[in-house]
There are 2 protein chains.
Amino acid sequence: MVKRFRTEEARLDTVFHALSDSTRRSILRDVCAEEKTVTAIAEPYNVSLAAVSKHLKVLERAGLVRREKRGSFQYVRTNAMPMKEAERWLAYYEKFWNQRLDALEQLLDDEDAQQSQKSSPKQSL
Amino acid sequence: MVKRFRTEEARLDTVFHALSDSTRRSILRDVCAEEKTVTAIAEPYNVSLAAVSKHLKVLERAGLVRREKRGSFQYVRTNAMPMKEAERWLAYYEKFWNQRLDALEQLLDDEDAQQSQKSSPKQSL
DNA sequence: AAAACATTCAACCAAATGGTTGACTCCGGA
DNA sequence: TCCGGAGTCAACCATTTGGTTGAATGTTTT
C-alpha cells in the first residue's frame with residue numbers, strides 16, 4: 001500500500017490525515033484569518049519550533065497551506081481548494097447520512113410515541 | 001498530548017483519522033447504501049479478514065459505522081452523526097476559504113485586466 | 001564581520017498504525 | 001454433539017508519526 005501521487009484518493013488520504021490532528025486543525029484555524037510567520041504560529045503551543053515546522057509540512061503536503069518566503073520570514077496562509085475536495089467527498093455521502101438520520105429520527109419518534117403510550121395511554125381511550 | 005475522550009476535538013481526531021485511509025473510505029462507501037456482513041465487506045479487498053476487522057473497529061470507534069449482531073453474522077451499517085460533525089467543522093471554515101478563493105479570483109481578474117491593458121490600452125483614450 | 005534571529009535538517013525515541021498468522025469463541029446445521 | 005463458518009483476539013513485524021535536541025543555513029542588524 002505505497003502512497004503514490006496525484007490520484008484523488010491519495011490526495012484525500014493526505015488531506016484527512018492532516019486534519020486528524022487537533023494541533024494541526026488549530027494551526028489551520030490560526031492562519032485562516034490572516035497569514036502568519038512560523039514563530040508566530042508556534043507561539044501558543046508549548047512544543048518546539050521544529051515540531052510546528054513538521055506540522056506545517058504535513059499541512060503543506062496536503063495542500064492546505066502555502067508558504068511564502070519574504071526576507072528571513074516564512075509566511076503561512078491557508079489554501080482553500082483541497083479542503084473543498086474533502087468537503088465534496090463528505091457531501092457526496094450526505095444524502096445517505098441524511099437518509100439514516102431521517103430513519104433514526106423516525107425511530108426515535110416511534111419510540112417516543114410508544115413511550116408516551118406506555119406512561120399515559122391517552123391514545124387508547 | 002494524550003487523547004482523552006468525549007471532547008469535540010478528540011472526536012474529530014478519530015473521525016478524520018478514520019477517513020484518512022482509502023480502504024476505510026471505500027468500506028464506508030460499501031456499507032452506506034445497505035448494511036453488510038464483515039466477510040461481505042472484506043471480499044473485494046485482498047487483505048485478511050482480521051485487517052478488515054481492525055478497519056471496522058477504527059470506523060466504529062469514530063462512530064462512523066455501527067455493528068449489530070444477528071445470529072452468527074455481524075451486520076455493519078453507516079452511522080451519520082459524526083460525519084455531520086466533520087462536515088460542520090469544514091463548513092465553518094468554508095467562508096474563509098471562499099474569501100481566499102474570491103481573493104484569488106479577484107487577483108487573476110486584475111492580472112487579466114492589466115494584461116489586456118498592456119496589450120490593447122483602450123482605457124486610456 | 002559578527003551577533004542575533006527565523007527556520008529547517010538530522011538523528012534519535014516512544015507510541016501508534018496497518019498488516020500478517022494462528023489460536024480462540026460463538027453460533028447454526030447435519 | 002460435533003463440525004464448519006463468521007469474527008475477534010493476541011502476538012508479532014515494519015513503517016509512520018509526533019515529539020525531542022542540537023547543529024546547520026539563511027537573513028538582518030549592529
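The notes below deal with the structure included here. Throughout this description, residue numbers start from 1 for each chain and increase along the sequence as written. Whichever chain is written first is A, and whichever ligand is written first is 1; the rest continue in order. In view of the model being predicted, local features appear only for residues whose pLDDT reaches at least 70, and side-chain atom pairs are presented and counted only at 80 or more, with totals across whole chains, interfaces and linings using the full set of residues.

1. A word on the interface of chain A and chain B
We count it as follows: Remark: residues whose backbone-derived C-beta atoms lie within 7 Å of one another are considered to be in contact. Secondary structure follows DSSP: runs of H or I at least 4 residues long count as helices, runs of E at least 2 residues long count as strands, and numbering of each begins at the N terminus. Here the term charged refers only to Asp, Glu, Lys and Arg, the term nonpolar to Ala, Val, Leu, Ile, Met, Phe, Trp, Tyr, Cys and Pro, and the term polar to all other amino acids, Gly among them.
Opposite the 24 residues of chain A that make contact, chain B presents 24 residues. Secondary-structure elements contributing two or more residues to the side of chain A that touches chain B are α1 (8-19), α2 (22-33) and α5 (81-119) of chain A. Split into classes, the residues belonging to the side of chain A that touches chain B amount to 13 nonpolar, four polar and seven charged.

2. A word on the protein's contact with DNA strand D
So the rule is basically this: Any residue whose C-beta atom, as set from the backbone, lies within 6 Å of a molecule or strand is reported as near that molecule or strand.
Inspection of the region around DNA strand D gives 23 residues, with A:Ala51, A:Gly71, B:Thr37, B:Thr39 and B:Ser53 positioned closest. For the surface near DNA strand D, the secondary structure elements donating two or more residues are α4 (49-61) of chain A together with α3 (38-42), α4 (49-61) and β3 (73-78) of chain B. At five residues, α4(A) tops the list of elements feeding residues into the surface near DNA strand D. Grouping the constituent residues of the surface near DNA strand D by class yields 10 nonpolar, 11 polar and two charged.

3. A word on the sheet that holds strand β1 (residues 36-37) of chain B
All names here are of chain B. This is how the line gets drawn: Any two strands with at least two DSSP bridges between them are considered paired. Comment: axis = line fitted to C-alpha atoms, over the contacting stretch for helices; angle = value between 0 and 180 degrees taken between N-to-C directions.
Taken in spatial order, the three strands line up as β1-β3-β2 in an open sheet, and their pairing is antiparallel. Strand pairing shows two members of the sheet lacking a second neighbour, β1 and β2 (65-70), which therefore form its edges. Examined bridge by bridge, β1 and β3 share two bridges and lie antiparallel to one another. Note on β3: the bridge partner recorded for Lys36 is Val76. Relative to the sheet, helix α2 (residues 22-33) contacts β1, β2 and β3, its axis offset from that of β3 by approximately 95 degrees.

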